[in-house]
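# Overview (structure and organization)
Chain by chain, the residues run as shown.
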Amino acid sequence: MFFAILLWITAFAVAAGFFVKRWWFPPPISRHAMAFDSLFAANLIAGGIIFLAVQLALGFVIFRYRDRGQRATFSTGSTRLEIILISLTAILFLGAVAASSGLWSAVHFTSMQSSDLKIETAGKQFAWSFRYPGPDGKFGKTDVRLINDAAGNPFGIPDDDAAGKDDIATSALRIPAGRPVQLLLHSHDVLHNFFVRELRVKQDLVPGMEIPLRIQADKTGEYEIACSELCGLGHHQMRSVLIVMPAAEFDAWLAQQGKRKQ
Amino acid sequence: MSFLSRYIFSTNHKTIGIQYFVLALTAALLGTALSVLMRLHLTYPEAKIRLFEILWPNAAAGGVMTPELYLSLMTMHGTIMVFFVLTTVPQGGFGNFFLPLQIGAEDMAFPRINMLSFWATALAFLVLCSAFVVEGGAPLAGWTAYPPLSAVGSIAGPGMGKGMTLWVVSIALFCAASLMGAINFITTILEMRTRGMSLFRMPLTCWAWLVTALISLFAFAVLFAAGILLLLDREAGTSFFLPAGLVINDRILDRKGGSPLLWQHLFWFFGHPEVYIAILPGMGVVSTVLSVFSRKPVFGYRAMVWAMLAIGFLGFLVWGHHMFISGMSPYSSLAFSVLTLAIGVPSAVKTFNWLGTILGGRLHLETAMLWALAFVSVFVTGGLSGIALGQPALDMYFHDTYFVVGHFHIIMGVAAVFSILAGTFYWWPKMTGRMLSETLGRVHFYVTFLGVYAVFIPMHFAGIVGNPRRYSDFGQFEFLKDVQGLHKFITHAAFLTAAVQLLFIFNLIWSLYRGKKAGDNPWNATTLEWLPPSHQPHIVVRGAYDYSVPGARRDFLMQNESNGQ
Amino acid sequence: MNVAAAGARRRASFTGLYAFFATMIMFFGAFTSAMVVRRGASKDWQGVPTPNLLWINTGVLALSSVVAERARRDLQNGNRRLFNTLWAAATVLGACFVAGQIIVWRDLQQAGVYINSHSGGAFFYVGTVAHAAHLAGGWIAMVYLLVRAFSLQLGPGRRTAVDITTLYWHFLGVLWLYLLWLFWFWGNWE
Ligand code: HEM
Ligand SMILES: [Cu+2]
Ligand SMILES: [Cu+2]
């Protein structure tokens, strides 16, 4: 009896925690992020109803059928009930997949446009670097042997490569608001993960692979980039910032960086 | 019989069961202690804590944990809990002790292999713990040991040299031990059942041990193979998991062509079934305990069996849900997502049937029963967050956040531990001849029940904020300032929860000396282990859950009892 | 031990062995899938050369299997003397196979194929050494049974261990053929 009441209180407390949203997502800055929030809200409502229903039912059964000297009913099950419940849950769960697969597809199966701005995004223990192709629109070659952070060459671009001469390397990620951007994710050493909360997007960086990730941010501002795949003892400090600039301002910045390089 | 052959190198299934139980209890205490130290560091990262300095004069010089020390404790905590607690007690401990008794066999099919299996497990535990004291300390790659981090040696950080090698060796030993155990369980269940004990008369615990053994047989073989490849990448210069062009710590590595994702596939092909290895035996225990203490048959016995078989089978098809954002093809993510939610169906069947079992019963709320009921509660809670994580679109935010930490602690850690505690309170009288204290048991239960919800639900909130897991410090990010209060609360709750476990240990010890003497069948249960020891084989005439059968002379009929009217 | 219990023991031994086969299949299956993935993941795949000795080794192992099988049947029929001779021969042949494998490994190393020199080589050593390790286990069992046979502890009614070991030995033979195909045919196939 005591346990039944405790169970109810616990269930309500948990539900309340999710309901008051004292600790919650940061405001979304993209259409994808808003769609994510509604998808999660739908999951939360459905999940919350099931959660409360089952926990309260459990508490109720404990309360109602506690030992008061009654005789237990004898029943070994019901195939019909079983089949009904199986069908219901199957529909519910598959519905969840169907409802959410659109959002996944939107991120991963939208074909990359050649006009997208491409930014190489590289992770290494425990820092981020970003590379823009510069005015010529082409990334230069890289050679791991030439990597030298101190000399401002985190990608290892050789001096004699024409396409690489104008490449711009930065340690913060600047992108224009309202335009799609393709990040080409690379890692030099171990696994890392690119995570920006406000975008609701997360993708591993895998050495030996180039993984494209298409993002678009609509709200200007500064947002933190946090590494979210264990990469060693400095994992917790592998931070950078995403700076979403008004498109015109961004163009000016990029042009100016390109000039400085030439 | 000498002392050695009776208590140490014994081939008796009961002794081996107890040995596993004691080993796992030791591991659980160590694992819990580590978690408390971790929480302490996370909450007070700058505080000078004498205890840390005493334990690790170098890695915690001045009483402040280094990041690598935190990560190594995390790795050891996870490894110890998953392998040496959750894989060990429910199968090796309870299984060895009770399987032969429940099916009326004299012992396990291969007693010597059984002994070997225990000692290999114990050795694996020693090897793992020795990682703490070698140069560089314990590894920091997490219990999943993803390469390249885990494969390149000490240039990846302290602990990634000798410590990591010991980790791999320990896991390989553990695999070998588990494989021996699995062969033994399968053979015993298929070949050693007493007369009349058809498969569909077996208690659900036996079914659970069978399915678990089948899963182990397939899963640990794969982990074993993966472990060998990882060891070779570390020690022999091969490139199974290491691609070309790695630059680590400014050193260019001379490897080429390997794939870090290959390890993740192999590891999770084992890793997901592993969570069922941890939980299925517990489901068996819970089904039984709910039935015994409701004085009602298990609702839908056959459905329960088929659900377990379905879970065992589907469990091998869902590993990709750990890899949605790993760089694996996004098309496979969708396929894995469908399969993952499909496995939710048999899990839901089990939940319904547990509710169906107690519905209309006569519930005796002894401590064992409380744990079993609480298991149902946490299983539902953890299952629901799993539904969210099974959708790649949502996992794209939650992967590797505290939301995941909260989810797996509840569904795997807490649920499995609750079932172990249910099993302990239920079977202790048989194991020791004495009852555990109900009063202590209840206090322990209530505090733990509230405690785990207080610890692990707030972790979901931290995850919603975006808090990444495996961070040794939350001070470097602006957005993590907001969750510090939450973490402080979690730590206090964790302290309380961990502390109250001492009450349980005390209960065990107290009971050994002072506990009420238990009769042969203190719970009036039906299965064969509750019959007085006899040298005659039992002949089984009925299923395992004949409670409150209409017309019977009492409210339970033992499996070897003809309808005693 | 009564007859029924002895029968149960025999059945249990076979069941245990089948379970062991299942893990071995998973174990070598994991290697295979790793190999397929690894080959597909990069362009640096290289096969392993095929020394002629391999075909001799294969013949030796096959012969060993055939002889062991004959021995097993002789024991079943109560022909202990023949069993002893043939079983000893199968054991010696088994040892020859392992010795031959050691020579193959050495030759390949002399030809510059080391475990870390290229991708195909790595899988080759892992697969063949794992096979040889399983084989060594079976071989130790054969020697043990030989000792038991000479101390007159085997017979038509006490032959489970021999049956089991022979079956295991056949399994290793088939596994060897599979590995042969995997490394020399699939591995070198363009
Ligand atoms: C008092 C109870 C426990 C507390 C307070 C606790 C706390 C923690 C903490 C703080 C982490 C590290 C999270 C991070 O830094 O990312 C962790 C990780 C983990 N815990 Fe627990 N834990 C407890 C019990 C358990 C149990 C019973 C299990 C059994 C499954 C378990 C399994 C794990 C695993 C597998 C990890 C992941 C390690 C890794 O990331 O490699 N824990 N736990
Ligand atoms: Cu990181
Ligand atoms: Cu999983």
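Just so you know, these numbers come straight off a predicted model, no measurement behind them. (Residues numbered from 1 in each chain as written. Chains lettered and ligands numbered in written order. Predicted model: local features only at pLDDT ≥ 70, side-chain atom pairs only at ≥ 80, totals over all residues. Heavy atoms only, no water.)

With that out of the way, let us pick up the overall build of chain C. Along the backbone of chain C there are five helices and zero strands. Beginning at the N terminus, the succession of helices and strands in chain C can be written as α-α-α-α-α. In terms of its C-alpha atoms, chain C occupies a principal-axis envelope of roughly 60 × 30 × 20 Å. Every one of the 190 residues in chain C was classed for burial, and the buried ones make up 52%. Of all intrachain contacts in chain C linking residues separated by at least 6 positions in sequence, the fraction that spans at least 24 positions is 81%. In the form shown here, chain C has an accessible surface area of approximately 9000 Å², with 67% of it arising from carbon and sulfur atoms. With 15 positive and 6 negative side-chain charges, chain C shows a separation of 13 Å between the mean positions of the two kinds. (Helix = DSSP H or I, 4+ residues; strand = E, 2+ residues; numbered from the N terminus. Buried < 20%, exposed > 50% of the residue type's maximum accessible area, 1.4 Å probe, protein only. Contact = heavy atoms within 4.5 Å. Areas by Shrake-Rupley, 256 points an atom, 1.4 Å probe, with all protein chains shown as cover. Lys, Arg positive; Asp, Glu negative; His and termini not counted. Charge placed at Lys NZ, Arg CZ, Asp CG, Glu CD.)

What follows is about the pattern of salt bridges. Counted by the stated rule, this structure contains 28 salt bridges over all chains. A salt bridge links Arg22(A) to Asp482(B); its shortest N-O distance comes to 3.3 Å. Of the two residues, Arg22(A) sits in the loop between α1 (2–20) and α2 (31–64) while Asp482(B) sits in the loop between α15 (438–465) and α16 (484–514), which places them in two different chains. Residue classification places Arg22(A) among the partly exposed residues on the basis of a relative accessible area of 45%. Notably, a salt bridge pairs Arg131(A) with Glu120(A), separated by 2.5 Å at the nearest N-O pair. Taken as a pair, Arg131(A) in strand β2 (residues 127–132) and Glu120(A) in strand β1 (residues 117–124) lie far apart in primary sequence, eleven residues in all. The pair Arg131(A) / Glu120(A) is uniform in exposure class, with both members buried. (Salt bridge = Lys/Arg side-chain N within 4 Å of Asp/Glu carboxyl O.)

Residues and elements named next belong to chain B. Around ligand 1 sit 22 residues, and of these Tyr70, His77, Trp143, His409 and Arg470 come closest. The separation between a nitrogen atom of ligand 1 and a polar side-chain atom of His77 is 2.8 Å. Arg469 places a side-chain nitrogen or oxygen 2.9 Å from an oxygen atom of ligand 1. Listing elements by their share of the shell around ligand 1, those giving two or more residues are α2 (13–43), α4 (67–86) and α14 (402–432). (Near = heavy atom within 4 Å. Polar contact = N/O pair within 3.5 Å; in protein donor to acceptor, adjacent residues only side chain to side chain.)

So, on to the sheet that holds strand β5 (residues 181–187) of chain A. In a beta sheet, neighbouring strands pair by backbone hydrogen bonds and run either parallel or antiparallel. All names here are of chain A. Taken together, five strands build an open sheet; the order of strands is β3-β2-β1-β5-β8 and the sheet is mixed. Both outer strands of the open sheet, β3 (168–170) and β8 (211–215), are each paired with one neighbouring strand and no more. The average angle at which neighbouring strand axes cross in this sheet is 25 degrees, direction not considered. As paired strands, β1 and β2 are joined by five bridges and run antiparallel to one another. (Pairing = 2+ DSSP bridges. Axes fitted to C-alpha atoms, helices over the stretch in contact; angles between N-to-C directions.)

What follows deals with the coordination of the copper ion (ligand 2). All names here are of chain A. Coordination of the copper ion (ligand 2) by the protein involves Cys227 (SG), Cys231 (SG) and His235 (ND1), with metal-donor separations of 2.1 to 2.2 Å. Sequence positions of the donors to the copper ion (ligand 2) reduce to the motif C-x3-C-x3-H. The buried category is assigned to Cys231, whose relative accessible area is 0%. (Donors = N, O, S within 2.8 Å, 3.2 Å for Na, K, Ca; no water.)

Attention now moves to the packing of helix α12 (residues 367–389) of chain B against α15(B). All names here are of chain B. Interhelical geometry of α12 versus α15 gives an angle of 5 degrees and a closest axis separation of 10 Å. When the interaxial angle is binned, α12 and α15 end up roughly parallel. Residues Thr367, Leu370, Trp371, Ala374, Ser377, Val378, Thr381 and Ser385 of α12 lie in contact with α15, whose contacting residues are Glu438, Gly441, Arg442, His444, Phe445, Tyr446, Thr448, Phe449, Tyr453, Ile457 and His460. Counted by class, the contact of α12 with α15 contains nine nonpolar, eight polar and two charged residues. (Parallel < 35°, antiparallel > 145°, perpendicular 65-115°, else oblique. Nonpolar A, V, L, I, M, F, W, Y, C, P; charged D, E, K, R; others polar.)

The next point concerns the interface of chain A and chain B. The partner chain B presents 106 residues to the 94 residues of chain A that form the contact. A per-residue breakdown of the area chain A buries against chain B is headed by Trp23(A), Trp104(A) and His236(A), which together make up 10% of the total. Inspection of the chain A/chain B interface yields two salt bridges. Between Asp67(A) and Arg362(B) there is a salt bridge, with its nearest N and O atoms 2.7 Å apart. Here chain A and chain B share 28 residue pairs in polar contact (both at pLDDT 80 or more) between them. Looking at the side of chain A that touches chain B, the elements that each hand over two or more residues are α1, α2, α3 (79–108), β6 (192–196), β7 (201–205) and β9 (221–227) of chain A. For the side of chain A that touches chain B, the leading source of residues is α3(A), giving 17 residues. (Buried area = accessible area lost by both parts, 1.4 Å probe.)

The next thing to look at is the environment of Arg470(B). Positionally, Arg470(B) belongs in the loop between α15 and α16. Owing to a relative accessible area of 6%, Arg470(B) belongs among the buried residues under this scheme. Arg470(B) sits 293 residues away from Ala177(B) along the chain, and the two C-alpha atoms are 29 Å apart. Once residues within four sequence positions are removed from consideration, Arg470(B) is found in contact with Leu230(A), His235(A), Leu71(B), Met74(B), Gly142(B), Trp143(B) and Thr144(B). Side-chain polar atoms of Arg470(B) contact the side chain of Thr144(B), separated by 3.2 Å.

Before going further, it helps to examine a nonpolar patch on the surface. Taken together, the side chains of Met1(A), Ile5(A), Ile9(A) and Phe63(A) present a nonpolar region at the surface, about 350 Å² in accessible area. Position of Phe63(A) relative to the elements: it lies in helix α2. (Patch = residues over 30% accessible without salt bridge, like charges linked within 9 Å, V, L, I, M, F, W, Y side chains within 5 Å.)

Quick look at the packing of aromatic side chains now. As enumerated under the stated definition, the model contains 89 aromatic pairs over all chains in all. Taking 6.3 Å as the distance between ring centres and 45 degrees as the angle between the ring planes, the aromatic pair formed by Tyr132(A) and Phe250(A) counts as tilted. Highlighted residues: Tyr132(A) in strand β2 and Phe250(A) in helix α5 (residues 247–261), separated in sequence by 118 residues. Relative accessible area serves as the criterion here: at 0%, Tyr132(A) is assigned to the buried category. When the ring of Phe445(B) is compared with that of Tyr446(B), the centres are 5.2 Å apart and the planes differ by 70 degrees; the resulting orientation is edge-to-face. Both residues of the pair, Phe445(B) and Tyr446(B), count as buried. If you follow Arg239(A) out to its NZ or CZ, it ends over the ring of Phe477(B), 5.9 Å from the centre. Its end group placed over the ring of Trp186(C), Arg39(C) keeps NZ or CZ at 4.6 Å from the ring centre. (Phe/Tyr/Trp six-rings, centres within 6.5 Å; stacked < 30°, edge-to-face > 60°. Lys NZ or Arg CZ within 6 Å of the ring centre and 35° of its normal.)

We now examine the pairing of β5(A). Residues and elements named next belong to chain A. By the criterion of burial, β5 is predominantly enclosed, with six of the seven residues buried. Pairing between β1 and β5: seven bridges, direction parallel. Within β5, the position partnered with Ile119 by the bridge is Leu183. Here β5 runs beside β8; their pairing, made up of five bridges, is antiparallel. The residue bridging Val181 from the neighbouring strand is Ile215, located in β8.

Residue-level contacts link 28 residues of chain B with 26 residues of chain C. Seen at the junction of chain B and chain C, the total is one salt bridge. For Glu191(B), the salt bridge goes to Arg11(C), with nearest N and O atoms at 2.9 Å. Those elements that place two or more of their residues in the side of chain B that touches chain C are α7 (162–191), α8 (204–235) and α9 (260–294) of chain B. Looking at the side of chain B that touches chain C element by element, the count peaks at nine residues for α8(B). In terms of residue class, the side of chain B that touches chain C is made up of 19 nonpolar, seven polar and two charged.

On to the sheet that holds β7(A), then. Residue and element names in this part refer to chain A. Here we have five strands laid out as an open sheet, ordered β4-β10-β9-β6-β7, and mixed in their pairing. Two strands close off the open sheet at either side, each with one partner strand: β4 (173–176) and β7. When strand polarity is set aside, the average angle formed by the axes of neighbouring strands in this sheet is 25 degrees. One ladder, built from six bridges, connects β9 with strand β10 (residues 239–245); its direction is antiparallel. Within β10, the position partnered with Ile225 by the bridge is Ser240.

The next thing to look at is the coordination of the copper ion (ligand 3). Residue and element names in this part refer to chain B. Within the protein, His272 (ND1), His321 (NE2) and His322 (NE2) serve as the donor atoms for the copper ion (ligand 3), at 1.6 to 2.0 Å. Each donor residue of the copper ion (ligand 3) belongs to the same chain, with the gaps between them written as H-x48-H-H. On the criterion of sequence distance, the pair formed by His272 in helix α9 and His322 in the loop between α10 (301–314) and α11 (330–358) is long-range, its members being 50 residues apart. Residue His272 is classed as buried on the basis of its relative accessible area, which comes to 7%.

This paragraph deals with the arrangement of the chains. Contacts are most numerous, across the two pairs of chains in contact, for chains A and B. For the non-touching pair chain A and chain C, the nearest C-alpha separation works out to 9 Å.

By themselves these figures say nothing about function.
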